[in-house]
Amino acid sequence: MRFHTRKWVKPEDLNANETLFGGRVLAWIDEEAALYSIIQLESKKVVTKYMSEINFMSSAVKGDIVEIGIEVVSFGKSSLTLNCEVRNKMTHETIVTVDNIIMVNLGENGKPLSHGKTKIEYVKDRLASQEK
């Protein structure tokens with residue numbers, strides 16, 4: 001799994017127990033999944049269709065740095081299925097996992113649109129092929 005994003009746990013990210021609020025973590029995961037999918041599918045019109053069971057395993061406190069990892073599970077005709085792990089950067093302790101996040105590519109009409117992708121592509125490789 002590749003960890004793409006880091007977040008610093010700030011006072012506004014905490015719940016009444018002074019630990020990281022689960023809703024904040026889910027918002028971070030949703031945003032990271034969207035950004036990852038937009039880059040992979042080369043499309044700005046990508047939405048979250050589904051998130052499977054969310055497994056909270058530990059927490060974080062103010063001042064902790066957490067990192068969000070995303071991994072591709074599969075490519076569908078108009079979708080991309082990902083899994084995610086959020087962990088504490090310093091201890092590498094897993095905070096939460098999500099086994100399946102399905103992101104769907106949309107056309108101008110707001111309906112699912114085939115994206116034509118079948119494998120992970122890296123931006124550096126796209127740039128190299130454009131220079132040729």
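Small disclaimer: the values here were computed from a predicted structure and weren't measured. All residue numbers refer to position in the chain's written sequence, counted from 1. Totals for whole chains, interfaces and linings use every residue, but because this is a predicted model, local features are given only for residues with pLDDT of at least 70 and side-chain atom pairs only at 80 or more, for both listing and counting. Hydrogens and water are ignored here; the side-chain numbers use all heavy atoms of the structure.

Asker: Quick question: what am I supposed to make of the pairing of strand β6 (residues 94-105) here?
Answerer: Residues in a regular strand project their side chains so that they alternate between the two faces of the sheet. Most of β6 is tucked away: nine of the 12 residues are buried. Bridging between strand β3 (residues 54-56) and β6 involves three bridges; their strand directions are antiparallel. Bridge pairing in β6 links Ile 54 to Val 98. Here eight bridges tie strand β5 (residues 79-88) to β6, and the two strands are oriented antiparallel to one another. If you follow Val 86 over to β6, its bridge partner there is Val 96. Burial classes: relative accessible area under 20% of the type maximum marks a residue as buried, over 50% as exposed, and values in between as partly exposed (1.4 Å probe, protein chains only). Secondary structure is summarised from DSSP: a helix means a run of H or I of at least four residues, a strand means a run of E of at least two, and numbering begins at the N terminus for each. Strands are treated as partners if at least two bridges between them are detected by DSSP.

Asker: Mind showing me how you'd approach the pattern of salt bridges here?
Answerer: Opposite charge on two side chains permits them to pair, given that their charged atoms come into close proximity. Whenever a carboxyl oxygen of Asp or Glu lies within 4 Å of a side-chain nitrogen of Lys or Arg, that contact is scored as a salt bridge. Applying the stated criterion across every chain, the model contains eight salt bridges. Put simply, Glu 67 and Arg 87 hold a salt bridge, and the shortest N to O gap is 2.5 Å. Separated by 20 residues along the polypeptide, Glu 67 in strand β4 (residues 65-75) and Arg 87 in strand β5 bring together distant segments of the chain. Taken together, the shared-partner salt bridges connect Arg 6, Glu 67, Arg 87 and Lys 89 into one network.

Asker: Could you clarify how one ought to interpret the packing of aromatic side chains in this entry?
Answerer: For Phe, Tyr and Trp, rings pair up if their centres lie within 6.5 Å, where Trp contributes its six-membered ring, and each pair is then called stacked (planes under 30 degrees apart), edge-to-face (over 60) or tilted (otherwise). The full count for this structure, using the stated rule, is zero aromatic pairs. For a Lys NZ or an Arg CZ to count as sitting over a ring, it must be within 6 Å of the ring centre and within 35 degrees of the ring normal. Its end group placed over the ring of Phe 3, Arg 87 keeps NZ or CZ at 3.6 Å from the ring centre.

Asker: Where do I start with the nonpolar core in this structure?
Answerer: Inside soluble globular proteins, nonpolar side chains tend to come together where they are buried. Core analysis: the largest hydrophobic core is formed by 25 residues, its most contacted members being Ile 29, Val 66, Leu 82, Cys 84, Val 86, Ile 101 and Met 103. Elements with a contribution of two residues or more to this core: α1 (22-41), β4, β5 and β6. In this analysis, two residues are considered to be in contact whenever any of their non-hydrogen atoms come within 4.5 Å of each other. Once residues within four sequence positions are removed from consideration, Val 86 is found in contact with Val 25, Ile 29, Val 66, Glu 67, Ile 68, Glu 93, Thr 94, Ile 95 and Val 96. Working definition of a nonpolar core: buried Ala, Val, Leu, Ile, Met, Phe, Trp, Tyr and Cys residues. They are joined through side-chain atoms within 4.5 Å.

Asker: What is the right way to read the side chain of Ser 52 from this model?
Answerer: For Ser 52, the location among the structural elements is in the loop between β2 (46-51) and β3. With relative accessibility at 11%, the residue Ser 52 sits in the buried group. Once residues lying within four places of it in the same chain are set aside, the contact partners of Ser 52 are Val 98, Asp 99 and Asn 100.

Asker: Is there a simple way to explain the environment of Val 123 in this structure?
Answerer: Mapped onto the elements of the fold, Val 123 is located in helix α2 (residues 123-131). You can call Val 123 partly exposed: its relative accessible area is 42%. The sequence separation of Val 123 and Gln 40 amounts to 83 residues, and the corresponding C-alpha distance is 8.5 Å.

Asker: Please explain unusual backbone geometry as it appears in this structure.
Answerer: Glycine aside, residues mostly have negative phi, and peptide bonds are mostly found in the trans state. Residue Glu 42 is not a glycine yet carries a positive backbone phi of 50°. Turning to its location among the elements, Glu 42 is positioned in the loop between α1 and β2. A positive phi angle is found at His 92, which is not glycine, with a value near 65°. Looking at where His 92 falls in the secondary structure, it is placed in the loop between β5 and β6. Taking the relative accessible area as the measure of exposure, His 92 reaches 43% and is therefore partly exposed.

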